[in-house]
Amino acid sequence: AAPATFAAVDLGASSGRVMTARVHPGGVELSEAHRFANRPVRAGGTLHWDILSLYQGVLDGLRAAGPVDSIGIDSWAVDYGLLDASGRLIGNPVHYRDERTSGVMERVVDQVGAASLYGVSGLQFLPFNTVYQLLADPAALERAETLLMIPDLLTHWLTGSIGAETTNASTTGLYDVRAGDWARPLMDRLGVPSGIFPALRAPGAPAGTLRPDVAAETAAPGGTPVVAVASHDTASAVAAVPAATPEFAYISSGTWSLVGVELPAPVLSEESRLANFTNEGGLDGTTRYLRNVMGLWILSECLRAWDHPALPGLLDAAGRARPFGALVDPDDPAFLPPGDMPGRVAAYCERTGQRPPSGPPEVVRCVLESLALAYRRTVRDAARLSGQAVKVIHIVGGGARNALLCQMTADATGLPVHAGPVEAAALGNALVQARALGLVGDIRELVRRSEPIVAYEPRGDQTAWDTAATRLATTST
Ligand code: ADP
Ligand code: LRH
């Protein structure tokens, strides 16, 4: 087949990028056409996404990318825009870290019961799941005619088409994970109007073509196809994990760390619910059985508090800092909202009778060791709860560049860690488009052939990590 070029728009919580992927029978070459900051804006007391600036970034990126065979968009999950009867956006999409959802999940759980929610959606209980955001703002819901998840909203602005891509729909809490359809009876029970949810489309399905007026702002001709890729960024990233064996776990490591395994079917057991594991939709009907770990967000908020020192130098210093000082549970809700993260780490330590780390290198060491311990616990829980054996851990996303964390993860888990690709989500996005054109068979095999992977073998003293894990378990608040 002749080579083809695809534009993959990948919007993460920290940055957006438009990548071009040139796909030929021997492999894929990815290059960055445009990268832009994703800066949330607090206005009127609410934390918003700057959706128009993100859309402008997409257009600028499509201009820089040049003509392409097709376009796909993926982004972070759970957030959405609501359109009114005339198709206009009702308000600016709100950031999932906004505190308007405070107490809503607890109220819904009281009303319908955690087991019956989990039995339908199989979704982990996070306060910002779409369903809780919707119920936090009944006035907007009342005016809404259509709900579009972020990638579906941007796709709509590019093409005029309306649809709901399934991997992202599976993060709403309003998707029936066994039926593979919107959970309309649950919506009725919760008072969420089921008419606002568009028809579903699976990754790889067409999602319209570029409107001529929009095309004029890009370098792509009008009529360029837009494809519904695995539009949840984590689903695209998992699709591009270069695993050579089915016995692998993944850590999609960016702002969040999404830690889990790929399964043929969801796990909806009581034990799984209590461990707060999620069953999100993956490519080709797979289940992404995983848990959100707070991730590098804690580190990036520390960097912000310290006025952005250079990360490589700081990681070097953290590598030389004393091991196994204070440890924190990254999943503690105190770490979720934006704010003074070094202060919150110190407060956690004080609350749990530990000497707080002093100075940035010690804080970073504490955060990374704590993350490695969270990864260890989560990989082991995923394997135990699903019965899926795990022989290797793949780390993809920006966190694959953090050699200290990759090595700690290998040491803590006693498993080899394969790091890369950094731009897994963009690769998964582009290769689903290429596959839809018939250019690619096995996406993972193509990624293995094309992308450098760095291997970390476990080393050092496993018992030190066992001791640290026990200590953390007993100090968790
Ligand atoms: P998202 O998709 O959520 O925006 P990314 O996958 O782009 O996130 O990952 C961003 C993270 O990658 C940063 O928070 C940072 O911790 C990490 N990172 C980026 N570059 C480097 C680097 N040179 N060394 C270590 N870590 C890095
Ligand atoms: C990662 C991610 C994750 C969701 C979160 C809201 O970018 O999509 O999978 O839980 O953002």
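What you are looking at is a predicted structure, and each value in this text was computed from that prediction instead of being measured.

What counts as what
Just so you know, the residues in each chain are numbered from 1, in the order the chain's sequence is written. Just so you know, chain letters begin at A and ligand numbers begin at 1, following the order they were written in. Confidence filtering applies because this is a predicted model: local features only for residues at pLDDT of at least 70, side-chain atom pairs given and counted only at 80 or more, and all residues used for totals across whole chains, interfaces and linings. Helix and strand definitions follow DSSP, with helices as H or I runs of at least four residues and strands as E runs of at least two, each counted in order from the N terminus. In this scheme every C-beta is placed from the backbone, and a residue whose C-beta has 20 or more other C-beta atoms within 10 Å is buried, one with 12 or fewer is exposed, and one in between is partly exposed. Throughout, a residue-residue contact means that the two C-beta atoms, derived from backbone geometry, are no farther apart than 7 Å. Placing the C-beta atom from the backbone, one calls a residue near a molecule or strand if that atom lies within 6 Å of it. Under this grouping Gly is polar, as are all residues other than the nonpolar Ala, Val, Leu, Ile, Met, Phe, Trp, Tyr, Cys and Pro and the charged Asp, Glu, Lys and Arg. Any set of buried Ala, Val, Leu, Ile, Met, Phe, Trp, Tyr and Cys residues joined through C-beta atoms within 7 Å is what this text calls a nonpolar core. Here an angle of 0 to 180 degrees is reported between the N-to-C directions of two axes, which are lines fitted to C-alpha atoms, with helices fitted over the stretch in contact. Should an angle fall under 35 degrees it is taken as roughly parallel, and over 145 as roughly antiparallel, whereas 65 to 115 is taken as roughly perpendicular and any remaining angle as oblique. Pairing between two strands requires that DSSP report at least two bridges joining them. UniProt positions are given in the numbering used here, feature names are shortened, and annotations may be inferred rather than shown by experiment. Take the far helix as the reference: if the near one is turned anticlockwise from it by less than a right angle, the crossing is left-handed, and if turned clockwise, right-handed.

### A few points about the overall build of the protein chain
Part 1 of the argument: Within the protein chain, the secondary structure is distributed over 19 helices and 21 strands.
Part 2 of the argument: Across the 477 residues of the protein chain, 51% fall into the buried class.
Part 3 of the argument: Within the protein chain, contacts between residues at least 6 apart in sequence are counted, and of these 74% link residues at least 24 apart.

### Some points on the site of ligand 1
Part 1 of the argument: Near ligand 1 there are 16 residues, and of these Gly-12, Ser-14, Gly-254, Thr-255 and Gly-398 occur at the shortest range.
Part 2 of the argument: Sorting the residues of the shell around ligand 1 by element identifies helix 12 (297–305) and helix 13 (311–320) as the ones contributing at least two each.
Part 3 of the argument: Residues that form the shell around ligand 1 fall into these classes: five nonpolar, 10 polar and one charged.

### With respect to the nonpolar core
Part 1 of the argument: In this structure, Ala-240, Val-367, Leu-427, Ala-430 and Leu-431 are the most contacted members of the largest nonpolar core, which totals 141 residues.
Part 2 of the argument: The dominant element in this core, judged by the number of residues it contributes, is helix 15 (residues 360–386), at 13 residues.
Part 3 of the argument: With sequence-adjacent residues up to four places away left out, Ala-430 is seen in contact with Phe-6, Ala-8, Met-19, Ala-21, Val-23 and Val-28.

### Overview of the packing of helix 15 against helix 19 (residues 462–475)
Part 1 of the argument: At a minimum axis separation of 10 Å, helix 15 and helix 19 run at an interaxial angle of 90°. Taken together, the axes of helix 15 and helix 19 lie roughly perpendicular to each other. When helix 15 is examined against helix 19, the residues Glu-369, Leu-373 and Arg-376 are found in contact with a partner set consisting of Ala-468, Ala-469 and Leu-472.
Part 2 of the argument: Among the residues making up the contact of helix 15 with helix 19, the classes are represented as four nonpolar, no polar and two charged.

### Examining the sheet that holds strand 6 (residues 70–75)
Part 1 of the argument: Taken in spatial order, the six strands line up as 3-2-1-6-14-13 in an open sheet, and their pairing is mixed. Since the sheet does not close on itself, it has two edges, and those belong to strand 3 (27–37) and strand 13 (205–209), each with one partner. This sheet shows a mean twist of 25° between the axes of neighbouring strands, independent of strand direction.
Part 2 of the argument: In this sheet, strand 14 (residues 225–228) lies alongside strand 6 in parallel orientation, the contact comprising two bridges. Residue pairing for strand 14: Gly-72 is matched across the bridge by Val-227.
Part 3 of the argument: The strands that helix 6 (residues 150–159) touches are strand 1 (4–11), strand 6, strand 13 and strand 14; relative to strand 6, the one it contacts most, it runs at about 150°.

### Quick word on the sheet that holds strand 16 (residues 257–263)
Part 1 of the argument: Pairing in this open sheet of seven strands is mixed, and the strands run 17-18-16-15-19-20-21 from one edge to the other. Every other strand in the sheet has two partners, leaving strand 17 (278–281) and strand 21 (454–456) as the edge strands with one partner each. If you compare each strand with its neighbour and ignore which way they point, the axes differ by 30° on average.
Part 2 of the argument: Pairing geometry for strand 16 and strand 18 (residues 287–293), over seven bridges, is antiparallel. For Leu-263, the partnering residue across the bridge sits in strand 18 and is Thr-287.
Part 3 of the argument: Its contacts with the sheet put helix 15 on strand 15 (248–253), strand 16, strand 18 and strand 19 (392–396), and the angle it makes with strand 16 is roughly 20°.

### Description of the site of ligand 2
Part 1 of the argument: The immediate surroundings of ligand 2 are formed by 14 residues, with Trp-76, Ala-77, Asp-233, Thr-234 and Trp-256 found nearest.
Part 2 of the argument: Of the residues that constitute the shell around ligand 2, the class distribution is seven nonpolar, six polar and one charged.

### Observations concerning the UniProt feature "domain: Carbohydrate kinase FGGY N-terminal" (unreviewed entry) in the protein chain
Part 1 of the argument: Residues annotated in UniProt with the feature "domain: Carbohydrate kinase FGGY N-terminal" (unreviewed entry) correspond here to residues 67–238.
Part 2 of the argument: End C-alpha atoms of residues 67–238 are separated by 27 Å, and the span's content is 35% helix alongside 18% strand.

### Structural notes on the packing of helix 15 against helix 16 (residues 403–413)
Part 1 of the argument: Relative orientation of the contacting elements helix 15 and helix 16 amounts to 45°, with a least axis distance of 9 Å. Viewed along their axes, helix 15 and helix 16 adopt a mutual orientation that is oblique. Between helix 15 and helix 16 the crossing geometry is right-handed. Within the contact between the two elements, helix 15 uses Leu-368, Glu-369, Leu-371, Ala-372, Leu-373, Tyr-375, Arg-376 and Val-379 and helix 16 uses Leu-404, Leu-405, Met-408, Thr-409, Ala-412 and Thr-413.

### Considerations on the pairing of strand 15
Part 1 of the argument: In terms of residue burial, strand 15 counts as a mostly covered element, since six of its six residues are buried.
Part 2 of the argument: Residues Phe-248, Tyr-250 and Ser-252 point to one face of strand 15 and Ala-249, Ile-251 and Ser-253 to the other, with burial holding for every one of them.
Part 3 of the argument: Across five bridges, the pairing between strand 15 and strand 19 is parallel. Across the sheet, Tyr-250 pairs through a bridge with His-394, a residue of strand 19.
Part 4 of the argument: For strand 15 and strand 16, the ladder comprises four bridges, and the chain directions are antiparallel. Residue pairing for strand 16: Ser-253 is matched across the bridge by Ser-257.
Part 5 of the argument: Count of turn residues in the strand 15/strand 16 antiparallel hairpin: three residues.

### Concerning unusual backbone geometry
Negative phi characterises most residues that are not glycine, and trans characterises most peptide bonds.
Part 1 of the argument: Gly-420 connects to Pro-421 through a cis peptide bond whose omega is 0°.
Part 2 of the argument: For Pro-421, the location among the structural elements is in the loop between strand 20 (417–419) and helix 17 (424–436).
Part 3 of the argument: For Asp-307, which is not glycine, the phi dihedral falls at a positive 65°.
Part 4 of the argument: Looking at the element boundaries, Asp-307 is found in the loop between helix 12 and helix 13.
Part 5 of the argument: Accessibility expressed as a C-beta count within 10 Å gives 6 for Asp-307, which makes it exposed.

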